[in-house]
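So you can see what is in the structure, the chains are spelled out below.
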Amino acid sequence: MIAAVLFLLFFGLMFLGVPIGVALGVGGAIAIALHNPETMLWGTLAAPQNFYAGIAKYPLLALPMFVLVGCIFDRSGVARRMVDFAIACTGRGPGMLPVVAVLVAMALGGISGSGPANAAAVGGVMIAAMARAGYPAPFSASVVGGAAATDVLIPPSIAFIVYSVMVPGASVPALFSAGILPGVLAGLALIVPAYWLSRLHGLGGAERELPRPPFWRSLREASWGLAAPVLILGGMRAGWFTPTEAAVVAVVYGLFVGMVVHRTIGPRDLWDIFREATEISAVIMLVLGLAAIFAYSVATQGLADPLVDAIRDLGLGSAGTLLLLGVLILVVGMFLDGVSIFMIFLPLLIPLMRLFDWDPVWFGVLLTMLVAVGQFTPPMAVNLMVACRIAGVRIEQTVPWVGWLVVSFVAATLLVAFFPGLALWLPRALGY
Amino acid sequence: MPDRPEPAEPAAPRPRRRVLPEEVIAVVCMAVLALLTLANVVVRYLTDRSFASTEEVSIALMVIMTVAGASAAAARDRHIRIQYLYETGTARRRHRLALLSAVSTAVFFVVFALLSARVVWDEYRYQETSMALGVPRWWYTVWVPALCLAIAARAVGVARRALRGPMPPDHVPAPPVGQDPAGR
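For the structure given in this document, a descriptive report is provided here.

Cut-offs and rules
Residues numbered from 1 in each chain as written. Chains lettered and ligands numbered in written order. Predicted model: local features only at pLDDT ≥ 70, side-chain atom pairs only at ≥ 80, totals over all residues. Heavy atoms only, no water. Helix = DSSP H or I, 4+ residues; strand = E, 2+ residues; numbered from the N terminus. Contact = heavy atoms within 4.5 Å. Areas by Shrake-Rupley, 256 points an atom, 1.4 Å probe, with all protein chains shown as cover. Salt bridge = Lys/Arg side-chain N within 4 Å of Asp/Glu carboxyl O. Buried < 20%, exposed > 50% of the residue type's maximum accessible area, 1.4 Å probe, protein only. Polar contact = N/O pair within 3.5 Å; in protein donor to acceptor, adjacent residues only side chain to side chain. Nonpolar A, V, L, I, M, F, W, Y, C, P; charged D, E, K, R; others polar. Core = buried A, V, L, I, M, F, W, Y, C linked by side-chain atoms within 4.5 Å. 1 Å grid on protein atoms, 1.4 Å probe; cavity = no way out; pocket = protein on both sides within 12 Å on 5 of 7 lines; lining within 4 Å. Points joined across faces, edges and corners; volume = space filled by probe spheres on them. Axes fitted to C-alpha atoms, helices over the stretch in contact; angles between N-to-C directions. Parallel < 35°, antiparallel > 145°, perpendicular 65-115°, else oblique.

Describing the overall build of chain B
When helices and strands are tallied, chain B shows six helices and zero strands. Going from the N terminus to the C terminus, chain B shows its helices and strands as α-α-α-α-α-α. A sequence separation of at least 24 residues applies to 75% of the contacts in chain B between residues at least 6 apart. By element, 65% of the accessible surface of chain B is carried by carbon and sulfur atoms, the whole surface being about 9,800 Å².

Here we look at the pattern of salt bridges
Per the stated rule, a full pass over the model turns up 16 salt bridges over all chains. The shortest N-O distance in the salt bridge between B:Arg78 and A:Glu279 comes to 3.3 Å. Taken together, the residues span two chains, with B:Arg78 in the loop between α2 (55-75) and α3 (84-87) and A:Glu279 in helix α13 (residues 267-300). A relative accessible area of 3% places A:Glu279 in the buried class. A:Asp313 is paired through a salt bridge with A:Arg312; the nearest N and O atoms lie 4.0 Å apart. Under the relative-accessibility criterion, A:Asp313 is labelled exposed at 60%. What emerges from the salt-bridge pattern is a single network uniting A:Arg275, A:Glu279, B:Glu23, B:Arg76 and B:Arg78.

Description of the interface of chain B and chain A
Taken together, the contact between chain B and chain A spans 65 residues of the former and 73 residues of the latter. On inspection of chain B and its partner chain A, the count reaches three salt bridges. At the surface where chain B touches chain A, the tally comes to six residue pairs in polar contact (both at pLDDT 80 or more). At the level of elements, α1 (21-46), α2, α3, α4 (91-125) and α5 (138-141) of chain B are the ones that each hand at least two residues to the side of chain B that touches chain A. For the side of chain B that touches chain A, the per-class residue count stands at 36 nonpolar, 13 polar and 16 charged.

Points about the nonpolar core
Residues A:Tyr163, A:Phe409 and B:Phe109 are the most contacted members of the largest nonpolar core, which totals 195 residues. At 15 residues, the largest contribution of residues to this core is made by α13(A). What B:Phe109 contacts, discounting residues up to four positions off in sequence, is A:Val22, A:Leu286, A:Leu290, B:Cys148, B:Ile151 and B:Ala152. B:Leu85, B:Tyr86, B:Leu97 and B:Ala98 belong to the second largest nonpolar core, which has five residues in total.

As for empty space enclosed by the protein
Per the counting criterion, the structure on display carries seven cavities of 30 Å³ or more. What lines the second largest cavity is a set of 16 residues, and nearest its centre among them are A:Phe335, A:Leu336, A:Asp337, A:Val382 and B:Arg81. Across the lining of the second largest cavity, the residue classes break down as ten nonpolar, four polar and two charged.

Thoughts on the packing of helix α12 (residues 243-261) of chain A against α1(B)
When two helices pack together, you describe them by how their axes are tilted relative to each other and by the distance separating the axes. With their axes 9 Å apart at the nearest point, α12(A) and α1(B) run at an angle of 105° to one another. The orientation of α12(A) relative to α1(B) falls into the category roughly perpendicular. Here A:Thr244, A:Glu245, A:Val248 and A:Val252 of α12(A) lie close against α1(B), whose contacting residues are B:Ala34, B:Thr37, B:Leu38, B:Val41 and B:Arg44. Its residues assigned to classes, the contact of α12(A) with α1(B) comprises five nonpolar, two polar and two charged.

What follows is the structure, encoded as structure tokens:
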């Protein structure tokens, strides 16, 4: 009964477009009240207490800090310089610019932690460049939208930080290192169809005539940006910094590069950068706090048990259940962004993870890959939306192109599902 | 070479957005958080002392930043939501959905502010102190109910805008996604 109220209220409000945090809070608080009719204030004081406890976690500080890093590097001008360098490496020719877009998105993914910001940074440079080379705008938007989805896998990643805060037994460094190989795999899974589609349809024919930037100069220009992921990941690996501290060091480095080296950030831009970073972080962390109320009522009242039992009784076994979950997350991912999916569904998924004894780090990587697919699968795809806005096309127009990228990305996800070593080898080798 | 497209007329100043007071609070919190964490790293490497006990200050600042930033996001209608029904809807449906969203946000945060105020009142009454620094706990938490009321007030503002007339066709409540490519 209470379970029905909780889930109906929550899903109803959410579907009607009420902010997800509010839907979670209303559902959670009412379920608490129904469960404790005798207690003072129906036990609802647990709502603010869980909200506070849900956010007031020191490791979570990495989230706003990495968001800030992303906002700084978005404007620091490193994206354009990385593009020049990547073109100098790959050379000019039909099909090369889409490859460059994916490579640059992956490199930027090593600095920033959220897909849409990556799509904005890469799209801002690449979509115009691809238009000049003769690629159709819907194709360019598809490539940029898909490429930006590798961002949540390649550390640092906001999704991994949220997962780590919610799931015991999955530390941020372990998740970060576990995401690297699947992230590279996902990048390859996008490069192959993007290149193949350009050759097949003869896209980007004008690219051959465009000048190729000189290698050494573009390397020197790009080196400031390329050093950032090394600093962030290397600093954490070497034990110099915790993830949060690495983020703050990257903030200082990014401001130095933007304000002193490339001179793309002026003192007046600082306000915009900080304002944007607080808005992005606050919107995510508010949902995180309110999701803690929801998770509290699910946990204390055992509301996930019937669901877990039902899934176990299907008798699909570990692989079958995983496949079922994968399909569900893919569908949900078309309508919801990745971090929200974690915050809503992890309280329900953690019992299943325990039941089948899945490795929490591997499961986190797998879930992240699935939500990454959702970030560029129409109709509702945050990354693709950003890319389409830059390219000036409607999302529907991308369907003939983006479908191939989705299929290929899903194939990469299946590889990680069936070969957990792809995710787990690196964190084990590093001793996390 | 600047990466963002230059405005068409360089002389015309970019339209600057209104600065909201809660935005200032959130930005100050973010800046202090960054400085505090940085200071922690520097002090740890230069001396053998640590002021890790400031962790609880960082945590409190992070909570304040969240609620303050959430209030600004409420004013700009930028909270995470499923936009499917809204985007595919007629003007009438959009109007109703916008109203429902704003009203439920307002009602929820008024109730939530009252409950948080009650928790803070208990902390004050029972003179609870913080773990690391031993200061009264309500110093850290009293901001939450106040800023939750601000969120409710911002949602009421959105509701009133929705009541006054249909939402403009280009009004799409959308979460922030990083740098606005069109340039503000």
